[in-house]
Amino acid sequence: MTSAPAVPATAAGVGAAPAGRVLSARVTWAYLAAGAVPVSLIAVGPVWLQTPMILLVVAGGLTALHVGARRNTDLAARGPWRLILAACWLFIAAMVSRIVFPEAGVSPPNAGALIPDAFVIPAYLLMGVAYAGLLRRRRATDDDPARVDALLIGLAAAFLTWTFLIAPTMEQTDITALRVASAFFPAIDVVLLVISVQLGLAGTARKPAMWLLMTASLLLFAGDFIFALRDSELTRVPQHAVDTLFMAAFLIIGATTLHPSMRTLTDPQRVETRDLGLLRTATLAAMVVVPALVATLGPRTTLTNDLVRAALLVALLLAELARVVRSNNSRARAERAARHRATHDPLTDLPNRELLSATIRAWGTAAAADRQEISLLFIDLDRFKWVNDHWGHQVGDELLCVVAGRLAAQVRAEDLVCRIGGDEFVIALAGASHSRLAEALAPRLLDELTRPFELSVGPVAISASIGVAKAAGGAEALELIRDADTAMYKAKRNGRNAYAMFDTSLRDQVRERVNLEQALRGALGNGELAVHFQPIHDLTRDELSGYEALMRWTNPELGAVSPVDFIPVAEETGLIVESGAWLLRESARQLARWTMARPPGARLLHVSVNVSVRQLRDLALVDVVRDALAETGLPASALWLEITESAVMEDIQTALVTLGALWELGVVLCIDDFGTGYSSLSYLHRLPVGVVKIDRAFVAGVGEDTANEPIVRAVLAMTHAMGHQVVAEGVETPQQRDWLRAQGCDLAQGWLYGRPSPAPDPAAGPAPESAVGPAPEPAVSPAPR
C-alpha cells in the first residue's frame, strides 16, 4: 500500500484558473508537432542548418514559456515558471558564449569552458529552486511516501553516474579540474530528476504537463551525462547529438507551460491510501537491485571508488528501510485515526455513542466490585432547531462546539462528555453509590447553559433539558442511555430548562406511549377518529356564529383517549399531518351540509379547525385547504384555521410562507390560546390573522374583579386596534359572558354555550341553534383538542 494524494478541483487561490482565457491543449500538441521538425533537423540535418534550427527551437521555447505562464496560471502561481524562464535565458547566454568564444566549446574542455559554465551553473540553481517551488506547492504532507521513492530513484541514478562517469573520469591519467567539474554536471541533473520524480509521485493527477516536465528532466540528465562522457573522452559522441537532447528538453519545457494542465503542478495534494502499483513496485525494486548487482559483479577498482559506491549502496538500503518504516507508521496512524473517527463525533471531537456504550460496560464491571454507581446526564438543547432555522447550520454547528466546551469544563477529568447526535449530549459519571454527583452537576449545567453564548452572530441564549439515570454495576449501556433519555423528555414536559430523575414509573409511561402510538397508527384507517363540534357564539348579536372542530379518538381496547394524550403523539410521529387533513375535510363537509339545511337568509356559519406545527411546516396544507373548498363549495371566509403562537415561532419563516398562501385563498386565520405563547405584538403584526382567541386561563375569573381583567381589557384593546376579532375561550358562566360583552368582546366559546359533541344526525335536521348542545363528554371535554 502507498499513500497517494487526491487532487482537488482547485486549490485555495494557488491553482485557480487565471482571469483570462486558458489555452487549449491543442495548442500544446500543435507546438510539439511543429517543434519536432527543427529538432529532427538538428539530429540528422546538414551541418549548416543546425544553428538556424537551434535558434528556431530556442525562440519557440521562450515564446511558449512567456505565453503559457501568463495565460495558464494566476499571478500567485507564476513564481516557479519565472525562475524556469530565467534559467532558460541563462542557458541561451551559455550557448551564445560558445558561439562568440569558440574555444569555450572544445572537447576536452579548457579554461575557456569557464565562460559558459558561469551561465550554466546559476541556470541549474534557478531550475532547482523552481522545481523545489513547484514541489512545495504541490506536496501533500511530510508523510507523503513520494519523498522516499524519489530519493531511491535519485540515489540509484547517483550510483550509476558515479560508477560509469565520475569514477572513470577521476581515474584518467590526464585528468583536469575542468574535466572533473564537467563530470559532476549530471549530479546536478540527478537532483532535478529527484524533484521532478517526487512531483510526479506526489499526486494522482498526473496530467500531461507532469509527464512533459519529467520527460524534459530526463532529457536534461541524458544530455549532461553524454556531454560529460564526451568531455571525459570516455566515448565519442557528435556535438549535434548532445544539442538534440538539450533542444528537445527546451522544446518540452515550453510545451509544459502551454498545456492547461500545468496548473495542477502547483495544486496542493491530499494524501489517500491506495495500493502500490506494479510499475511503481518494479521501479523501486530495480533502484535497489541494479546498483547492488553492479557493485557485486563489477571489478574492484580504487579504494575511493569502492568507498563511494558502498556509501551510496548503504544510503539506498537505508532509504528502502525508511520507506518500510514510514509505510508501517503511516498505516498505524491511519488505523488510530480510523478508530478515533469511529468513536468520536467529527464536529466537536467528543466521544460518540459507541465509545459511551463501551465506557459504561467497562465501568459496570468495576462498579459491581467497588460498590460504585454509574450516572448518566442526558442533555438536550431546547429550541436548537430555531437557532439553525434563524441563523443557519453553520451557526448551529458553532453553538454545538461551544456547548461541548462548556460541558467539558464542568466535569472531572475521569468523567466522560459525549455527543450522541444532533443537539444531544451525555455526561457519564462514576462514583460511590452514596454520592449525589449527578444531582449536584445537573443544576450547575442548567445555569451554565443559560448564560448567553458569544457566537459569530452575537450573543445567543438557549436552555437545556436534562434527564438523569443511575445504575449499579452490570448495567446495560443501551438501557441506561434509554432511561436517561426518558427522564429528559419528562424534563421537557415539565417546562424545559429543568432536569428530571428517572424512575421506573417513567418506563411504564414509555411503554404506554409506545402502545398508544401503535394504536394511533391504525386509528384513521379503522374509522376510530371522529369530529366533535363546539359552538362559538356571537356576543353582539347573541346568536350562533360557528363551530370549532375538534378531533376525538375512541379505540376498542383503550376506550376514549384524551386529546391531551394522543395529539402530542400524533405531532411527534407526523401522523397529525394525515389525520389533520382528514379533520379539515370532514369539518368542511359537515359545514356544507349544515349550510344547505339552513333556511334562506340565515347567517353564514363558519367552522374553525386547528392546524398543528407539522401541518404548518408542510406547504401541502395549502393544497388540502384548496381542495376542501373546491369539493364543498364553501366560501373561503367560512373556513377558519387556528394556529398557536408557539407553532408559528417553531419556524417563523416557513410559517409566514404557508400562512401567506392560505391568506391569499381567503380563509380566516386565527391565533389560538393568545397569551400563553410569545404574545409578541411585532409577530402578531407580521402574521396575516383576522381573529385572536384569548386563552381560557385569562377568561377564568373575569367579572369578579380579578387580576385577569386588566389583561383581557388590554388584549381586547390591542387586537381591536389592529382590526382583529376576538374570541374568548372557556366561558362557563353568565357573569363571564356579560363582562366580556360589556368590554366589547366579539365572540365567546365554552361550556356555557355547549360542550364538544358529535355532529347531529343528518336526519335530525339543521344545525342546532340552541345554547346548549348534546350531552357532554366527561372524559375529554376539559381539553379543546
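It should be noted that the structure appears before, not after, this text.
Residues numbered from 1 in each chain as written. Predicted model: local features only at pLDDT ≥ 70, side-chain atom pairs only at ≥ 80, totals over all residues. Heavy atoms only, no water.

## Here's the deal with the overall build of the protein
Within the protein, the regular secondary structure consists of 27 helices and 19 strands. Of the contacts formed within the protein by residues at least 6 apart in sequence, a portion of 74% connects residues at least 24 apart. Counting only carbon and sulfur atoms, one obtains 61% of the accessible surface of the protein, whose full area is about 35,400 Å². (Helix = DSSP H or I, 4+ residues; strand = E, 2+ residues; numbered from the N terminus. Contact = heavy atoms within 4.5 Å. Areas by Shrake-Rupley, 256 points an atom, 1.4 Å probe, with all protein chains shown as cover.)

## Description of the packing of aromatic side chains
The final tally for this structure, using the stated rule, is five aromatic pairs. Considering the side-chain rings of Phe533 and Tyr547, the 6.2 Å spacing of their centres and the 80 degrees angle between planes classify their relative orientation as edge-to-face. Note that Phe533 is positioned in strand S10 (residues 529–538) and Tyr547 in strand S11 (residues 543–555), a separation of 14 residues in sequence. When its relative accessible area of 5% is taken as the criterion, Phe533 is described as buried. Taking the relative accessible area as the measure of exposure, Tyr547 reaches 4% and is therefore buried. Each residue in the set Phe533, Tyr547 and Trp594 is aromatic and connected to the rest through ring pairs, giving one cluster. (Phe/Tyr/Trp six-rings, centres within 6.5 Å; stacked < 30°, edge-to-face > 60°. Buried < 20%, exposed > 50% of the residue type's maximum accessible area, 1.4 Å probe, protein only.)

## Digging into the pairing of strand S4 (residues 416–421)
On a regular strand, each side chain points to the face opposite its neighbour's, so the side chains alternate between the two faces of the sheet. Where burial is concerned, most of S4 is hidden: five out of the six residues are buried. Examined bridge by bridge, S4 and strand S5 (residues 424–432) share five bridges and lie antiparallel to one another. Bridged to Cys418 within S5 is Val426. In textbook terms, the turn of a hairpin is the stretch between consecutive antiparallel strands, and for S4 and S5 this stretch comprises two residues, one of which, Gly422, has a positive phi near 55 degrees. (Pairing = 2+ DSSP bridges.)

## Some thoughts on the pairing of strand S14 (residues 639–644)
Taken across its six residues, S14 has five buried, putting it largely inside the fold. Here four bridges tie strand S13 (residues 606–610) to S14, and the two strands are oriented parallel to one another. Across the sheet, residue Val609 finds its bridge partner in S14, namely Leu641. One ladder, built from five bridges, connects S14 with strand S15 (residues 668–674); its direction is parallel.

## Details of the packing of helix H3 (residues 79–100) against helix H4 (residues 114–138)
Between H3 and H4, the least distance of the axes is 8 Å, while the angle of their chain directions is 165 degrees. With respect to their mutual orientation, H3 and H4 come out roughly antiparallel. The handedness of the crossing between H3 and H4 is left-handed. Looking at the contact of H3 with H4 residue by residue, the classes come out as 23 nonpolar, two polar and two charged. (Axes fitted to C-alpha atoms, helices over the stretch in contact; angles between N-to-C directions. Parallel < 35°, antiparallel > 145°, perpendicular 65-115°, else oblique. Left-handed = near helix turned anticlockwise from the far one by under 90°. Nonpolar A, V, L, I, M, F, W, Y, C, P; charged D, E, K, R; others polar.)

## Let's talk about the environment of Pro260
Take Pro260: it is sitting in the loop between helix H9 (239–258) and strand S2 (270–274). Pro260 sits in the buried class, given a relative accessible area of 17%. Once the C-alpha coordinates of Pro260 and Arg71 are considered, the two residues, 189 residues apart in sequence, prove to be 8.8 Å apart. Discounting chain neighbours no more than four positions away, the residues touching Pro260 are Val22, Leu23, Ser24, Ala25, Thr28 and Asn72.

Interpretation in functional terms is not warranted from these geometric data alone.
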